[in-house]
Amino acid sequence: LLESVDQHRNQPDTAVRTQNECIKGDSKNASIQYSLARLLILRNSKDDFVQTEELLSSLEKTSGKTTDLLFTRALLAIAQQEPDYVKKAQAILEELVKLEPSHVRAYLALIQIAMVRRDAEAVKAIAIRGLEASPNNPQLLLSQAQAERALKNNAAAADLARQILKTRPGYTDAVGVVTSIAIGSKKPEVMAEALELARQASLANPPDYRLPLTAATILRAMKKAGEVVAELDSYTRTKAGEKSTPVLLALAEISRTAGQTDDWNRWMLRANITAPKHPAVLIEKLRGLAAQNKHDEIITQMAAYLQDKEVNSSVLQAAASLLLSSESPADRTEAVKLYERALALNPKSIPAQMNLALAANRTGDPDRAEAIYRKILKTQPQNAQALNALAWTLGIERKDCTAALPLIDQAVKAAPNSSHVHDTRGMILSKLGRFADARKSFEKCVELTAPDSTRRAAALLQLGRTCNTLKDNAAAKKHLEDAKAIDAENKVLTDKQRSEIVDILKNLQTKST
(Lines give C-alpha, C1' and ligand atoms only; values in the text may rest on other atoms or scores of the structure.)
Protein backbone atom coordinates (compact mmCIF):
# COMPACT_ATOMS: atom_id res chain seq x y z
CA LEU A 1 0.00 0.00 0.00
CA LEU A 2 2.78 2.42 0.95
CA GLU A 3 4.61 1.62 -2.28
CA SER A 4 1.52 2.46 -4.36
CA VAL A 5 0.95 5.73 -2.43
CA ASP A 6 4.60 6.73 -2.94
CA GLN A 7 4.35 6.09 -6.69
CA HIS A 8 1.07 8.05 -6.83
CA ARG A 9 2.82 11.00 -5.22
CA ASN A 10 5.62 10.78 -7.78
CA GLN A 11 8.13 9.70 -5.14
CA PRO A 12 9.97 6.74 -6.68
CA ASP A 13 12.86 6.98 -4.20
CA THR A 14 10.49 6.57 -1.25
CA ALA A 15 8.73 3.67 -3.00
CA VAL A 16 12.07 1.90 -3.49
CA ARG A 17 12.99 2.43 0.18
CA THR A 18 9.60 1.02 1.21
CA GLN A 19 10.14 -2.12 -0.86
CA ASN A 20 13.65 -2.57 0.52
CA GLU A 21 12.16 -2.45 4.05
CA CYS A 22 9.60 -5.09 3.00
CA ILE A 23 12.40 -7.35 1.75
CA LYS A 24 14.22 -7.05 5.10
CA GLY A 25 11.08 -8.34 6.78
CA ASP A 26 10.45 -11.12 4.23
CA SER A 27 13.66 -11.81 2.32
CA LYS A 28 12.34 -14.94 0.57
CA ASN A 29 9.21 -13.31 -0.87
CA ALA A 30 9.75 -13.37 -4.66
CA SER A 31 6.71 -11.16 -5.28
CA ILE A 32 8.24 -8.30 -3.25
CA GLN A 33 11.58 -8.73 -5.04
CA TYR A 34 9.94 -8.55 -8.46
CA SER A 35 8.02 -5.47 -7.35
CA LEU A 36 11.30 -3.84 -6.27
CA ALA A 37 12.90 -4.81 -9.59
CA ARG A 38 10.10 -3.11 -11.53
CA LEU A 39 10.40 0.03 -9.39
CA LEU A 40 14.16 0.16 -9.99
CA ILE A 41 13.59 -0.20 -13.74
CA LEU A 42 11.07 2.67 -13.64
CA ARG A 43 13.51 4.87 -11.71
CA ASN A 44 15.80 4.40 -14.68
CA SER A 45 19.46 4.85 -13.68
CA LYS A 46 22.57 2.76 -14.32
CA ASP A 47 22.92 1.93 -10.60
CA ASP A 48 19.29 0.84 -10.53
CA PHE A 49 19.86 -1.40 -13.55
CA VAL A 50 22.85 -3.02 -11.82
CA GLN A 51 20.82 -3.65 -8.66
CA THR A 52 17.96 -5.07 -10.75
CA GLU A 53 20.32 -7.49 -12.48
CA GLU A 54 21.64 -8.65 -9.09
CA LEU A 55 18.07 -9.21 -7.85
CA LEU A 56 17.14 -11.18 -10.96
CA SER A 57 20.28 -13.31 -10.82
CA SER A 58 19.47 -14.19 -7.20
CA LEU A 59 15.88 -15.05 -8.13
CA GLU A 60 17.07 -17.23 -11.01
CA LYS A 61 19.33 -19.20 -8.68
CA THR A 62 16.47 -19.91 -6.29
CA SER A 63 13.54 -20.34 -8.73
CA GLY A 64 15.02 -20.90 -12.19
CA LYS A 65 13.77 -19.31 -15.40
CA THR A 66 10.20 -18.49 -14.48
CA THR A 67 7.90 -16.43 -16.70
CA ASP A 68 8.11 -13.58 -14.18
CA LEU A 69 11.90 -13.67 -14.37
CA LEU A 70 11.95 -13.63 -18.18
CA PHE A 71 9.39 -10.83 -18.41
CA THR A 72 11.23 -8.64 -15.89
CA ARG A 73 14.55 -9.27 -17.69
CA ALA A 74 12.88 -8.12 -20.91
CA LEU A 75 11.62 -4.95 -19.20
CA LEU A 76 15.15 -4.28 -17.91
CA ALA A 77 16.60 -4.64 -21.40
CA ILE A 78 13.93 -2.37 -22.93
CA ALA A 79 14.54 0.31 -20.29
CA GLN A 80 18.19 0.61 -21.33
CA GLN A 81 17.05 1.82 -24.77
CA GLU A 82 20.15 0.84 -26.69
CA PRO A 83 19.46 -1.12 -29.93
CA ASP A 84 21.41 -4.18 -28.71
CA TYR A 85 19.40 -4.28 -25.49
CA VAL A 86 16.12 -3.99 -27.41
CA LYS A 87 17.18 -6.98 -29.54
CA LYS A 88 17.98 -8.85 -26.33
CA ALA A 89 14.51 -7.99 -24.98
CA GLN A 90 12.89 -9.30 -28.15
CA ALA A 91 14.78 -12.59 -27.86
CA ILE A 92 13.73 -12.98 -24.20
CA LEU A 93 10.09 -12.21 -25.00
CA GLU A 94 10.08 -14.70 -27.88
CA GLU A 95 11.47 -17.33 -25.50
CA LEU A 96 8.75 -16.42 -23.02
CA VAL A 97 5.83 -16.80 -25.45
CA LYS A 98 7.18 -20.22 -26.45
CA LEU A 99 7.10 -21.26 -22.79
CA GLU A 100 3.69 -19.69 -22.21
CA PRO A 101 1.83 -18.96 -25.48
CA SER A 102 -1.01 -17.22 -23.61
CA HIS A 103 1.30 -14.64 -21.95
CA VAL A 104 -0.53 -11.57 -23.26
CA ARG A 105 1.79 -9.04 -21.58
CA ALA A 106 4.76 -10.54 -23.44
CA TYR A 107 2.98 -10.15 -26.78
CA LEU A 108 2.04 -6.58 -25.85
CA ALA A 109 5.69 -5.81 -25.01
CA LEU A 110 6.76 -7.21 -28.40
CA ILE A 111 4.06 -5.06 -29.99
CA GLN A 112 5.35 -1.99 -28.16
CA ILE A 113 8.87 -2.59 -29.50
CA ALA A 114 7.47 -2.87 -33.03
CA MET A 115 5.40 0.28 -32.50
CA VAL A 116 8.51 2.24 -31.53
CA ARG A 117 9.99 1.16 -34.88
CA ARG A 118 6.66 2.18 -36.49
CA ASP A 119 6.53 -1.29 -38.01
CA ALA A 120 2.81 -1.79 -38.46
CA GLU A 121 3.25 -5.07 -40.34
CA ALA A 122 5.18 -6.52 -37.39
CA VAL A 123 2.56 -5.25 -34.91
CA LYS A 124 -0.17 -6.95 -36.93
CA ALA A 125 1.75 -10.24 -37.16
CA ILE A 126 2.53 -10.31 -33.41
CA ALA A 127 -1.08 -9.51 -32.51
CA ILE A 128 -2.36 -12.33 -34.75
CA ARG A 129 0.09 -14.77 -33.12
CA GLY A 130 -1.09 -13.72 -29.67
CA LEU A 131 -4.74 -14.08 -30.64
CA GLU A 132 -4.15 -17.71 -31.64
CA ALA A 133 -3.54 -18.54 -27.96
CA SER A 134 -5.83 -15.86 -26.50
CA PRO A 135 -8.78 -15.46 -28.89
CA ASN A 136 -10.84 -12.29 -28.50
CA ASN A 137 -8.37 -10.70 -26.08
CA PRO A 138 -9.37 -7.02 -26.36
CA GLN A 139 -5.83 -5.62 -26.04
CA LEU A 140 -4.49 -7.85 -28.81
CA LEU A 141 -7.53 -7.16 -31.01
CA LEU A 142 -7.00 -3.44 -30.41
CA SER A 143 -3.31 -3.73 -31.37
CA GLN A 144 -4.24 -5.47 -34.61
CA ALA A 145 -6.91 -2.84 -35.29
CA GLN A 146 -4.39 -0.04 -34.75
CA ALA A 147 -1.92 -1.79 -37.06
CA GLU A 148 -4.57 -2.21 -39.75
CA ARG A 149 -5.36 1.48 -39.35
CA ALA A 150 -1.69 2.39 -39.82
CA LEU A 151 -1.58 0.16 -42.91
CA LYS A 152 -4.63 2.03 -44.27
CA ASN A 153 -6.77 -1.11 -44.03
CA ASN A 154 -9.55 0.98 -42.52
CA ALA A 155 -12.38 -1.48 -43.11
CA ALA A 156 -10.47 -4.28 -41.34
CA ALA A 157 -9.53 -1.92 -38.49
CA ALA A 158 -13.14 -0.82 -37.99
CA ASP A 159 -14.38 -4.43 -38.06
CA LEU A 160 -11.88 -5.41 -35.35
CA ALA A 161 -12.86 -2.43 -33.20
CA ARG A 162 -16.55 -3.32 -33.55
CA GLN A 163 -15.72 -6.92 -32.65
CA ILE A 164 -14.30 -5.65 -29.35
CA LEU A 165 -17.34 -3.45 -28.75
CA LYS A 166 -19.74 -6.39 -29.12
CA THR A 167 -18.45 -7.89 -25.88
CA ARG A 168 -17.14 -4.67 -24.30
CA PRO A 169 -19.48 -1.87 -25.42
CA GLY A 170 -17.71 0.73 -23.30
CA TYR A 171 -14.15 -0.04 -24.50
CA THR A 172 -12.85 3.48 -25.09
CA ASP A 173 -9.79 2.65 -27.20
CA ALA A 174 -11.92 0.64 -29.65
CA VAL A 175 -14.21 3.65 -30.00
CA GLY A 176 -11.07 5.68 -30.66
CA VAL A 177 -10.14 3.50 -33.65
CA VAL A 178 -13.60 3.91 -35.19
CA THR A 179 -13.51 7.64 -34.46
CA SER A 180 -10.12 8.24 -36.12
CA ILE A 181 -11.27 6.37 -39.23
CA ALA A 182 -14.54 8.32 -39.34
CA ILE A 183 -12.87 11.72 -38.94
CA GLY A 184 -10.25 10.76 -41.55
CA SER A 185 -13.00 9.88 -44.01
CA LYS A 186 -14.57 13.37 -43.66
CA LYS A 187 -17.90 11.74 -44.57
CA PRO A 188 -20.79 13.19 -42.51
CA GLU A 189 -22.68 9.89 -42.35
CA VAL A 190 -19.60 7.94 -41.17
CA MET A 191 -18.85 10.57 -38.51
CA ALA A 192 -22.49 10.57 -37.39
CA GLU A 193 -22.29 6.78 -36.92
CA ALA A 194 -19.08 7.16 -34.88
CA LEU A 195 -20.74 9.88 -32.79
CA GLU A 196 -23.62 7.57 -31.95
CA LEU A 197 -21.15 4.79 -31.11
CA ALA A 198 -19.26 7.10 -28.73
CA ARG A 199 -22.50 8.15 -27.05
CA GLN A 200 -23.65 4.55 -26.64
CA ALA A 201 -20.24 3.61 -25.22
CA SER A 202 -20.51 6.48 -22.73
CA LEU A 203 -23.86 5.09 -21.55
CA ALA A 204 -22.25 1.65 -21.12
CA ASN A 205 -19.20 3.08 -19.35
CA PRO A 206 -20.29 6.36 -17.66
CA PRO A 207 -17.19 6.89 -15.47
CA ASP A 208 -14.82 7.06 -18.48
CA TYR A 209 -14.61 10.77 -19.27
CA ARG A 210 -12.72 10.03 -22.51
CA LEU A 211 -15.95 8.96 -24.21
CA PRO A 212 -17.76 12.32 -23.97
CA LEU A 213 -14.50 13.98 -24.97
CA THR A 214 -14.40 11.67 -28.02
CA ALA A 215 -17.97 12.67 -28.89
CA ALA A 216 -16.92 16.32 -28.62
CA THR A 217 -13.97 15.69 -30.95
CA ILE A 218 -16.30 14.17 -33.55
CA LEU A 219 -18.69 17.13 -33.30
CA ARG A 220 -15.80 19.50 -33.86
CA ALA A 221 -14.76 17.51 -36.95
CA MET A 222 -18.36 17.69 -38.20
CA LYS A 223 -18.13 21.51 -37.99
CA LYS A 224 -20.61 21.52 -35.13
CA ALA A 225 -18.44 23.49 -32.72
CA GLY A 226 -21.55 25.09 -31.22
CA GLU A 227 -22.70 21.68 -29.96
CA VAL A 228 -19.40 20.74 -28.29
CA VAL A 229 -19.99 22.73 -25.11
CA ALA A 230 -23.57 21.38 -24.83
CA GLU A 231 -22.28 17.79 -25.26
CA LEU A 232 -19.72 18.15 -22.48
CA ASP A 233 -21.96 20.27 -20.27
CA SER A 234 -24.66 17.57 -20.37
CA TYR A 235 -22.08 15.02 -19.16
CA THR A 236 -21.15 17.25 -16.21
CA ARG A 237 -24.83 17.21 -15.20
CA THR A 238 -24.79 13.42 -14.74
CA LYS A 239 -23.79 11.67 -11.52
CA ALA A 240 -20.71 10.14 -13.21
CA GLY A 241 -19.67 13.42 -14.78
CA GLU A 242 -20.51 16.09 -12.22
CA LYS A 243 -17.05 15.84 -10.68
CA SER A 244 -15.15 14.92 -13.85
CA THR A 245 -12.10 17.15 -13.65
CA PRO A 246 -10.88 16.38 -17.21
CA VAL A 247 -14.23 17.36 -18.77
CA LEU A 248 -14.48 20.52 -16.65
CA LEU A 249 -10.95 21.41 -17.74
CA ALA A 250 -11.84 20.72 -21.39
CA LEU A 251 -14.74 23.17 -21.06
CA ALA A 252 -12.41 25.68 -19.40
CA GLU A 253 -9.92 25.31 -22.24
CA ILE A 254 -12.64 25.88 -24.85
CA SER A 255 -13.68 29.07 -23.03
CA ARG A 256 -10.08 30.23 -22.68
CA THR A 257 -9.21 29.77 -26.36
CA ALA A 258 -12.46 31.57 -27.31
CA GLY A 259 -11.54 34.48 -25.04
CA GLN A 260 -14.64 33.91 -22.86
CA THR A 261 -13.14 34.82 -19.48
CA ASP A 262 -16.41 34.68 -17.51
CA ASP A 263 -17.17 31.14 -18.72
CA TRP A 264 -13.56 30.12 -18.05
CA ASN A 265 -13.89 31.38 -14.47
CA ARG A 266 -17.15 29.43 -14.06
CA TRP A 267 -15.65 26.12 -15.21
CA MET A 268 -12.45 26.65 -13.23
CA LEU A 269 -14.46 27.35 -10.07
CA ARG A 270 -16.08 23.90 -10.38
CA ALA A 271 -12.75 22.21 -11.25
CA ASN A 272 -11.13 23.89 -8.27
CA ILE A 273 -13.85 22.57 -5.95
CA THR A 274 -13.48 19.05 -7.41
CA ALA A 275 -9.67 18.84 -7.34
CA PRO A 276 -8.06 22.01 -5.94
CA LYS A 277 -4.52 20.63 -5.87
CA HIS A 278 -4.61 18.47 -8.98
CA PRO A 279 -1.68 19.41 -11.26
CA ALA A 280 -3.96 19.64 -14.32
CA VAL A 281 -6.21 22.15 -12.52
CA LEU A 282 -3.22 24.23 -11.43
CA ILE A 283 -1.80 24.16 -14.97
CA GLU A 284 -5.09 25.33 -16.53
CA LYS A 285 -5.18 28.19 -13.98
CA LEU A 286 -1.72 29.22 -15.12
CA ARG A 287 -2.73 29.04 -18.79
CA GLY A 288 -5.75 31.22 -18.07
CA LEU A 289 -3.53 33.82 -16.42
CA ALA A 290 -1.14 33.74 -19.38
CA ALA A 291 -4.05 34.19 -21.81
CA GLN A 292 -4.91 37.37 -19.88
CA ASN A 293 -1.24 38.46 -19.99
CA LYS A 294 -1.02 38.21 -16.19
CA HIS A 295 2.53 36.87 -16.12
CA ASP A 296 3.31 38.73 -12.87
CA GLU A 297 0.49 36.81 -11.20
CA ILE A 298 1.94 33.52 -12.48
CA ILE A 299 5.24 34.42 -10.82
CA THR A 300 3.46 35.33 -7.57
CA GLN A 301 1.41 32.13 -7.54
CA MET A 302 4.45 29.99 -8.23
CA ALA A 303 6.37 31.63 -5.38
CA ALA A 304 3.53 30.57 -3.05
CA TYR A 305 3.28 27.11 -4.65
CA LEU A 306 6.97 26.44 -4.02
CA GLN A 307 6.28 26.71 -0.29
CA ASP A 308 3.99 23.65 -0.46
CA LYS A 309 5.17 20.33 0.97
CA GLU A 310 4.32 18.51 -2.26
CA VAL A 311 5.52 20.34 -5.38
CA ASN A 312 4.74 18.78 -8.77
CA SER A 313 7.39 19.02 -11.47
CA SER A 314 4.77 19.23 -14.24
CA VAL A 315 3.25 22.36 -12.68
CA LEU A 316 6.68 24.01 -12.42
CA GLN A 317 7.49 23.17 -16.03
CA ALA A 318 4.10 24.39 -17.30
CA ALA A 319 4.56 27.72 -15.52
CA ALA A 320 8.10 27.96 -16.85
CA SER A 321 6.93 27.28 -20.42
CA LEU A 322 4.30 30.04 -20.19
CA LEU A 323 6.81 32.53 -18.81
CA LEU A 324 9.35 31.54 -21.45
CA SER A 325 6.86 32.50 -24.18
CA SER A 326 6.58 36.03 -22.74
CA GLU A 327 8.34 38.92 -24.46
CA SER A 328 9.66 40.14 -21.08
CA PRO A 329 13.30 39.21 -20.33
CA ALA A 330 12.43 39.22 -16.61
CA ASP A 331 9.68 36.65 -17.19
CA ARG A 332 12.08 34.46 -19.16
CA THR A 333 14.63 34.65 -16.36
CA GLU A 334 11.95 33.44 -13.94
CA ALA A 335 11.22 30.60 -16.37
CA VAL A 336 14.84 29.42 -16.13
CA LYS A 337 14.60 29.43 -12.32
CA LEU A 338 11.45 27.30 -12.40
CA TYR A 339 13.04 24.83 -14.80
CA GLU A 340 16.00 24.61 -12.43
CA ARG A 341 13.65 23.86 -9.51
CA ALA A 342 11.86 21.20 -11.58
CA LEU A 343 15.17 19.55 -12.39
CA ALA A 344 16.20 19.65 -8.73
CA LEU A 345 13.09 17.54 -7.93
CA ASN A 346 14.25 14.86 -10.36
CA PRO A 347 17.88 15.41 -11.41
CA LYS A 348 17.89 12.33 -13.66
CA SER A 349 14.87 13.45 -15.69
CA ILE A 350 15.83 13.82 -19.36
CA PRO A 351 12.71 15.91 -20.22
CA ALA A 352 13.51 18.31 -17.35
CA GLN A 353 17.09 18.65 -18.59
CA MET A 354 15.88 19.23 -22.16
CA ASN A 355 13.47 21.95 -21.00
CA LEU A 356 16.19 23.73 -19.04
CA ALA A 357 18.45 23.64 -22.11
CA LEU A 358 15.66 25.11 -24.26
CA ALA A 359 15.18 27.91 -21.72
CA ALA A 360 18.92 28.57 -21.69
CA ASN A 361 18.87 28.94 -25.48
CA ARG A 362 15.87 31.28 -25.35
CA THR A 363 17.53 33.48 -22.73
CA GLY A 364 20.72 33.86 -24.75
CA ASP A 365 22.88 31.21 -23.09
CA PRO A 366 23.66 28.67 -25.86
CA ASP A 367 26.83 27.57 -24.03
CA ARG A 368 24.74 26.26 -21.12
CA ALA A 369 22.27 24.64 -23.52
CA GLU A 370 25.10 22.89 -25.37
CA ALA A 371 26.60 21.64 -22.09
CA ILE A 372 23.25 20.15 -21.02
CA TYR A 373 22.70 18.42 -24.38
CA ARG A 374 26.21 16.95 -24.31
CA LYS A 375 25.66 15.74 -20.73
CA ILE A 376 22.51 13.89 -21.86
CA LEU A 377 24.36 12.38 -24.81
CA LYS A 378 27.09 11.01 -22.53
CA THR A 379 24.56 8.68 -20.92
CA GLN A 380 22.21 8.32 -23.92
CA PRO A 381 24.32 8.74 -27.07
CA GLN A 382 21.41 7.77 -29.34
CA ASN A 383 18.92 10.20 -27.78
CA ALA A 384 17.45 11.67 -30.96
CA GLN A 385 15.82 14.61 -29.21
CA ALA A 386 19.13 15.71 -27.63
CA LEU A 387 21.02 15.17 -30.91
CA ASN A 388 18.41 17.20 -32.75
CA ALA A 389 18.50 20.01 -30.19
CA LEU A 390 22.31 20.13 -30.15
CA ALA A 391 22.40 20.21 -33.95
CA TRP A 392 19.90 23.09 -33.88
CA THR A 393 21.96 24.97 -31.28
CA LEU A 394 25.16 24.60 -33.29
CA GLY A 395 23.71 25.01 -36.77
CA ILE A 396 20.90 27.54 -36.36
CA GLU A 397 21.85 29.44 -33.21
CA ARG A 398 25.63 29.50 -33.74
CA LYS A 399 25.57 29.15 -37.53
CA ASP A 400 28.14 26.32 -37.41
CA CYS A 401 26.30 24.02 -39.81
CA THR A 402 29.41 21.98 -40.59
CA ALA A 403 29.58 20.84 -36.95
CA ALA A 404 25.81 20.40 -36.79
CA LEU A 405 25.39 18.16 -39.86
CA PRO A 406 26.95 14.91 -38.48
CA LEU A 407 24.86 15.31 -35.32
CA ILE A 408 21.58 15.67 -37.19
CA ASP A 409 22.57 12.76 -39.46
CA GLN A 410 23.04 10.69 -36.31
CA ALA A 411 19.61 11.84 -35.06
CA VAL A 412 18.02 10.72 -38.33
CA LYS A 413 19.56 7.26 -37.91
CA ALA A 414 18.33 7.08 -34.31
CA ALA A 415 14.80 8.30 -35.13
CA PRO A 416 14.15 7.93 -38.88
CA ASN A 417 10.42 8.49 -38.39
CA SER A 418 10.65 11.77 -36.48
CA SER A 419 9.42 14.75 -38.47
CA HIS A 420 11.40 17.06 -36.17
CA VAL A 421 14.82 15.66 -37.07
CA HIS A 422 14.08 15.79 -40.80
CA ASP A 423 12.93 19.41 -40.42
CA THR A 424 16.15 20.37 -38.61
CA ARG A 425 18.24 18.51 -41.19
CA GLY A 426 16.47 20.35 -44.00
CA MET A 427 17.19 23.71 -42.39
CA ILE A 428 20.87 22.90 -41.82
CA LEU A 429 21.30 21.65 -45.39
CA SER A 430 19.59 24.81 -46.66
CA LYS A 431 22.05 26.98 -44.76
CA LEU A 432 24.88 24.94 -46.30
CA GLY A 433 23.44 25.70 -49.76
CA ARG A 434 22.53 22.04 -50.39
CA PHE A 435 18.96 22.78 -51.42
CA ALA A 436 18.33 19.58 -53.38
CA ASP A 437 19.24 17.51 -50.29
CA ALA A 438 17.24 19.88 -48.08
CA ARG A 439 14.22 19.28 -50.32
CA LYS A 440 14.40 15.54 -49.66
CA SER A 441 14.48 16.15 -45.89
CA PHE A 442 11.48 18.48 -46.05
CA GLU A 443 9.59 16.00 -48.24
CA LYS A 444 10.20 13.33 -45.60
CA CYS A 445 9.08 15.78 -42.90
CA VAL A 446 5.79 16.39 -44.75
CA GLU A 447 5.27 12.64 -45.14
CA LEU A 448 5.66 12.10 -41.38
CA THR A 449 3.30 14.84 -40.19
CA ALA A 450 -0.41 14.42 -39.54
CA PRO A 451 -2.76 15.67 -42.27
CA ASP A 452 -4.25 19.14 -41.65
CA SER A 453 -1.94 19.68 -38.65
CA THR A 454 0.16 22.72 -37.75
CA ARG A 455 3.26 20.60 -38.33
CA ARG A 456 2.09 19.59 -41.83
CA ALA A 457 1.36 23.22 -42.81
CA ALA A 458 4.75 24.43 -41.51
CA ALA A 459 6.56 21.56 -43.28
CA LEU A 460 4.78 22.37 -46.56
CA LEU A 461 5.87 25.99 -46.17
CA GLN A 462 9.49 24.90 -45.73
CA LEU A 463 9.22 22.61 -48.74
CA GLY A 464 7.58 25.34 -50.83
CA ARG A 465 10.37 27.80 -49.95
CA THR A 466 13.01 25.25 -50.95
CA CYS A 467 11.32 24.39 -54.27
CA ASN A 468 11.07 28.12 -54.96
CA THR A 469 14.83 28.49 -54.39
CA LEU A 470 15.42 25.53 -56.73
CA LYS A 471 13.20 27.27 -59.31
CA ASP A 472 10.76 24.36 -59.37
CA ASN A 473 7.86 26.78 -59.64
CA ALA A 474 5.09 24.21 -60.12
CA ALA A 475 6.12 22.23 -57.00
CA ALA A 476 6.59 25.41 -54.96
CA LYS A 477 3.11 26.62 -55.91
CA LYS A 478 1.50 23.26 -55.07
CA HIS A 479 3.14 22.94 -51.64
CA LEU A 480 2.38 26.54 -50.66
CA GLU A 481 -1.24 26.26 -51.78
CA ASP A 482 -1.55 23.01 -49.79
CA ALA A 483 -0.24 24.83 -46.70
CA LYS A 484 -2.65 27.68 -47.37
CA ALA A 485 -5.57 25.23 -47.66
CA ILE A 486 -4.75 23.61 -44.30
CA ASP A 487 -4.56 27.05 -42.71
CA ALA A 488 -7.87 28.14 -44.26
CA GLU A 489 -9.53 25.12 -42.67
CA ASN A 490 -7.81 25.06 -39.28
CA LYS A 491 -6.05 28.44 -38.76
CA VAL A 492 -2.67 26.90 -37.90
CA LEU A 493 -0.21 29.43 -39.40
CA THR A 494 0.98 32.76 -38.04
CA ASP A 495 0.22 36.06 -39.78
CA LYS A 496 3.89 36.28 -40.79
CA GLN A 497 3.77 32.82 -42.40
CA ARG A 498 0.54 33.69 -44.25
CA SER A 499 2.09 36.88 -45.61
CA GLU A 500 5.16 34.99 -46.77
CA ILE A 501 3.03 32.45 -48.66
CA VAL A 502 1.06 35.25 -50.35
CA ASP A 503 4.28 37.03 -51.38
CA ILE A 504 5.89 33.89 -52.82
CA LEU A 505 2.74 32.92 -54.71
CA LYS A 506 2.49 36.46 -56.15
CA ASN A 507 6.09 36.26 -57.34
CA LEU A 508 5.44 32.84 -58.87
CA GLN A 509 2.37 34.21 -60.64
CA THR A 510 4.44 37.13 -61.98
CA LYS A 511 7.13 34.76 -63.26
CA SER A 512 4.47 32.58 -64.88
CA THR A 513 2.90 35.61 -66.58
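Just so it is clear, the model here is predicted, and its values are computed rather than measured. (Residues numbered from 1 in each chain as written. Predicted model: local features only at pLDDT ≥ 70, side-chain atom pairs only at ≥ 80, totals over all residues. Heavy atoms only, no water.)

What to know about the overall build of the protein
In terms of regular secondary structure, the protein is built from 29 helices and zero strands. Relative to the 2.2 N^0.38 estimate, which gives 24 Å for 513 residues, the radius of gyration of the protein is 25 Å and therefore close to what a compact globule would have. For the C-alpha atoms alone, the extent of the protein along its principal axes is close to 80 × 55 × 50 Å. Relative to its 513 residues, the protein shows a buried fraction of 45%. Pairs at least 24 apart in sequence give 47% of the contacts found in the protein among residues at least 6 apart. On the protein, roughly 26,900 Å² of surface is accessible, and the fraction owed to carbon and sulfur atoms is 52%. For the protein, the distance from the average site of its 71 positive side-chain charges to the average site of its 61 negative ones is 2 Å. (Helix = DSSP H or I, 4+ residues; strand = E, 2+ residues; numbered from the N terminus. Rg over C-alpha atoms; globule rule 2.2 N^0.38 Å. Buried < 20%, exposed > 50% of the residue type's maximum accessible area, 1.4 Å probe, protein only. Contact = heavy atoms within 4.5 Å. Areas by Shrake-Rupley, 256 points an atom, 1.4 Å probe, with all protein chains shown as cover. Lys, Arg positive; Asp, Glu negative; His and termini not counted. Charge placed at Lys NZ, Arg CZ, Asp CG, Glu CD.)

A look at the environment of Leu-108
Along the chain, Leu-108 falls in helix α7 (residues 104-116). In this structure Leu-108 touches Gln-139, Leu-140 and Ser-143, once residues within four positions along its chain are discounted.

Some thoughts on the nonpolar core
Here is a general trend for soluble globular proteins: nonpolar side chains tend to be buried in one another's company. The biggest cluster of nonpolar side chains holds 74 residues, and the ones touching the most others in it are Ile-298, Met-302, Leu-338 and Ile-428. Sorting elements by how many residues they give to this core places helix α19 (residues 313-324) first, with eight residues. Those residues in contact with Ile-298 that sit more than four places away from it in its chain are Leu-286, Leu-289, Ala-290, Ala-319, Leu-322 and Leu-323. Judged by nonpolar contacts, the second largest core, of 67 residues, contains Phe-71, Val-178, Leu-211 and Leu-248. (Core = buried A, V, L, I, M, F, W, Y, C linked by side-chain atoms within 4.5 Å.)

Section: the confidence of the model for the protein
Averaged over every residue, the pLDDT of the protein is 91; residues scoring 70 or more account for 95%. Scored below 50 in pLDDT, residues 1-9 makes 14 contacts in the model with residues more than four places away or belonging to other chains. (pLDDT = per-residue confidence, 0-100.)

Some words on the side chain of Glu-231
Of note, Glu-231 is situated in helix α14 (residues 225-236). The class for Glu-231 is buried, based on a relative accessible area of 15%. For Glu-231, the residues in contact, after removing those within four places along its chain, are Arg-199, Pro-212, Ala-215, Ala-216 and Leu-219.

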